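Structure assessment
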Amino acid sequence: MAQPGLPIEALPAWALLNGIAFPHVKVSNIEGKGFGVVSDGELKPEVPLMTVPNNLILNAQAVDEYAKEDKNFKELLDAVGHHSARRDILLFLLVQLVLASKKHQAPVGVSNPWKEYIKFLPKTVLVPTLWTEDERLLLRGTSLESAVNAKMTALTAEFDAVREAASSLPSWNDVLWPYNEEQGGNSSASLCSWILLDGLYRSRVLELPKSGESMVPCIDMINHSTSASAYYDENTMDEVILLPRPDIKILSGEEVTISYGDAKPAAEMLFSYGFIDPEATVESLVLPLEPFEDDPLAKAKLFAFKDLPKVHVAHDKGGSAVSWKSPFAYLMCVNEEDGLEFRVLQDSEGGRQLRVFWREEDVTDRIEDFETLIQNHEVPTLIKLRVVTVVQERLQEQLERAQSFADTSSLPIGGVDLVRDECRQAASLLRSIEIGLLEVVIEDLEKERRVLLADANVVAYLGSMETAESDLVGEEASNEAEDFS
């Protein structure tokens, strides 16, 4: 489906008709950034630069309110929605996008300002889910490789589920899916449309203090800066307002910026917004972690842990602090000999539950706190050594993979010529940041591992294990038949 468009010059008229006021700023094209907001006169502290009425804020509550006005959309929402706030908003946007693309009036759909506003939004976003297949190859070896693949799979499954559920509704099936020349050509919804709307949502959603995750027209045009000159808030009338920061002077013609988040890692910035902030002072990444293949308790551990097993590492460039965290790694590195046990117990209602016991204590509700629980082990430093070794090996594996794909010439023949410069530069910067971060954390983990290996309790334990193995080898040798040949 071709996304309908309106020139940005028409935005002030749309804003005026819908009660949005921005007397001191204007939306303009910013070189290298697309649309942005610039000051258009003298800016005074505590005087809003922009005010957006509450009825234009798009969130889960707004979608529910719209469904009360439009019985047809309520039917669609009841059949397809109510899985998450994000999915309900995407469904609403998909309907507005389809209705806006039709040349003739559709038999469903109540008029809504978002039907027109969606025409001002970009036709693509540089988030990796909207990169071409060749461009996504540039992410091999980075933490986004598996994340983007998983997201693409999830978006496809999500759209298929939406289409299957909505296809049972004749009125919507005729509007959303068919190719019909009389209704304006290729106006049917598609997987590409769903992926685009997901990208628009992730790159434009704001966390409002009272309304939560919401999309706010016009304010979502404002670009990010680590040294933001403005911030958004909600006033007593639940309007969203843009205010200048009191300690920053904004000159006429200067771009107005907000912060999308001070501590978001490069991978998250690229994944959600399509760019990496070069001024970020904290570098971090998250990697998936797999249990040991030969661990007989692996399935039970995964089931009991519930969350996705992962390793989180970070480096504060300003203070040079290095940190890592992996609750699953601690669970991964303990076994029955240490005191771990899984029991299937019957509850009061006759159901069966998998419970986790550590040294005879039920710790099911503390499954993510084994870093603390291991302190009552005879040699807690031994378990910590196992964990540090596992994490270090996982990071080393990621580092070697990232380095192996560092050269874009590893792309298939012709692939280098089929990628946009912005994608190539973003992937290269992400890889460089993650390689540097991995090297720093691996070095720090090696220091920690050496300290643990020198621990008196660990030395004594490893020594006793070597003695036991030597005795076992000796017993086996003495039981062998003598060879008199």
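This one's a predicted model, so the numbers in the text were calculated from it and none came from an experiment.

The next point concerns the overall build of the chain. A count of helical and extended segments in the chain gives 16 helices and 15 strands. Of all 485 residues assigned to the chain, the portion counted as buried reaches 48%. Summarising the internal contacts of the chain: among those between residues at least 6 apart in sequence, 69% fall at separations of at least 24. Of the roughly 24800 Å² of accessible surface on the chain, a fraction of 51% belongs to carbon and sulfur atoms.

Of all eight residues in helix 10 (residues 266–273), seven are buried; the element is thus mostly enclosed. Those residues of helix 10 that fall on the buried side of the exposure criterion are Ala266, Ala267, Met269, Leu270, Phe271, Ser272 and Tyr273. In this structure, the buried residues of helix 10 make contact with helix 7 (144–166), helix 9 (191–204), strand 6 (223–224), strand 10 (282–288) and helix 15 (421–453). Looking one or two places after helix 10, you find glycine 274, whose phi comes out positive at around 85°.

Moving on, we get to helix 9. Here helix 9 spans 20 Å end to end across 14 residues, near enough to the 20 Å set by a 1.5 Å rise per residue. Counting buried residues along helix 9, 12 of its 14 residues qualify, which places the element largely inside the surrounding structure. Where helix 9 is buried, its residues meet helix 4 (85–101), helix 7, strand 4 (206–208), strand 5 (212–214) and helix 10.

As a further point, take the nonpolar core. In this structure, Met50, Phe73 and Leu76 are the most contacted members of the largest nonpolar core, which totals 94 residues. Among the elements that make up this core, the one with the highest residue count is helix 4 (11 residues).

Right, let's get into the pattern of salt bridges. Opposite charge on two side chains lets them pair, provided their charged atoms get close. Inspection of the entire model under this criterion finds 25 salt bridges. With a closest N to O distance of 3.5 Å, lysine 151 and aspartate 198 form a salt bridge. Of this pair, lysine 151 sits in helix 7 while aspartate 198 sits in helix 9; the two residues are 47 residues apart in sequence, bridging distant segments of the chain.

Pairs of packed helices are described in terms of their axes, by the angle between the two and the distance that separates them. For the pair helix 14 (residues 380–404) and helix 15, interaxial distance at closest approach is 9 Å and the crossing angle is 155°. Between helix 14 and helix 15, the angle is such that the two are roughly antiparallel. Between helix 14 and helix 15 lies a crossing whose hand is left-handed. Here the residues of the contact of helix 14 with helix 15 sort into 13 nonpolar, six polar and six charged.

Let us look at the confidence of the model for the chain. Per-residue pLDDT for the chain has a mean of 87; in total, 89% of the residues score no lower than 70. Confidence scores differ between elements of the chain, with helix 16 (residues 456–478) showing the lowest mean pLDDT of 69 and helix 12 (residues 327–332) the highest of 97. Scored below 50 in pLDDT, residues 180–185 makes eight contacts in the model with residues more than four places away or belonging to other chains.

Attention shifts here to the sheet that holds strand 15 (residues 361–362). Read from one edge to the other, the open sheet built from three strands follows the order 13-14-15, with strand pairing classed as antiparallel. Only two strands of the sheet have a single neighbouring strand rather than two, namely strand 13 (340–346) and strand 15. Pairing of strand 14 (residues 352–358) with strand 15 involves two bridges; the strand directions are antiparallel. If you follow tryptophan 358 over to strand 15, its bridge partner there is glutamate 361.

What follows is about the sheet that holds strand 3 (residues 50–52). Here three strands make up an open sheet; going across it, the order is 3-8-7 and the pairing antiparallel. Of all the strands in the sheet, just strand 3 and strand 7 (230–234) have a single pairing partner and so form its edges. Each adjacent strand pair in this sheet contributes to an overall mean axis angle of 20°, direction not counted. Pairing geometry for strand 7 and strand 8 (residues 240–244), over five bridges, is antiparallel. Bridge pairing in strand 8 links alanine 230 to proline 244.

Take the side chain of serine 225 next. Among the secondary structure elements, serine 225 is positioned in the loop between strand 6 and strand 7. Residues contacting serine 225, with those up to four places away along its chain left out, are Thr257, Ile258 and Ser259.

What follows is about the pairing of strand 1 (residues 25–30). By the bridge criterion, six bridges tie strand 1 to strand 2 (residues 34–39) in an arrangement that is antiparallel. Bridge pairing links lysine 26 to valine 38 in strand 2.

Cut-offs used in this document
Residues numbered from 1 in each chain as written. Predicted model: local features only at pLDDT ≥ 70, side-chain atom pairs only at ≥ 80, totals over all residues. Heavy atoms only, no water. Helix = DSSP H or I, 4+ residues; strand = E, 2+ residues; numbered from the N terminus. Buried < 20%, exposed > 50% of the residue type's maximum accessible area, 1.4 Å probe, protein only. Contact = heavy atoms within 4.5 Å. Areas by Shrake-Rupley, 256 points an atom, 1.4 Å probe, with all protein chains shown as cover. Expected span 1.5 Å × (residues − 1). Core = buried A, V, L, I, M, F, W, Y, C linked by side-chain atoms within 4.5 Å. Salt bridge = Lys/Arg side-chain N within 4 Å of Asp/Glu carboxyl O. Axes fitted to C-alpha atoms, helices over the stretch in contact; angles between N-to-C directions. Parallel < 35°, antiparallel > 145°, perpendicular 65-115°, else oblique. Left-handed = near helix turned anticlockwise from the far one by under 90°. Nonpolar A, V, L, I, M, F, W, Y, C, P; charged D, E, K, R; others polar. pLDDT = per-residue confidence, 0-100. Pairing = 2+ DSSP bridges.

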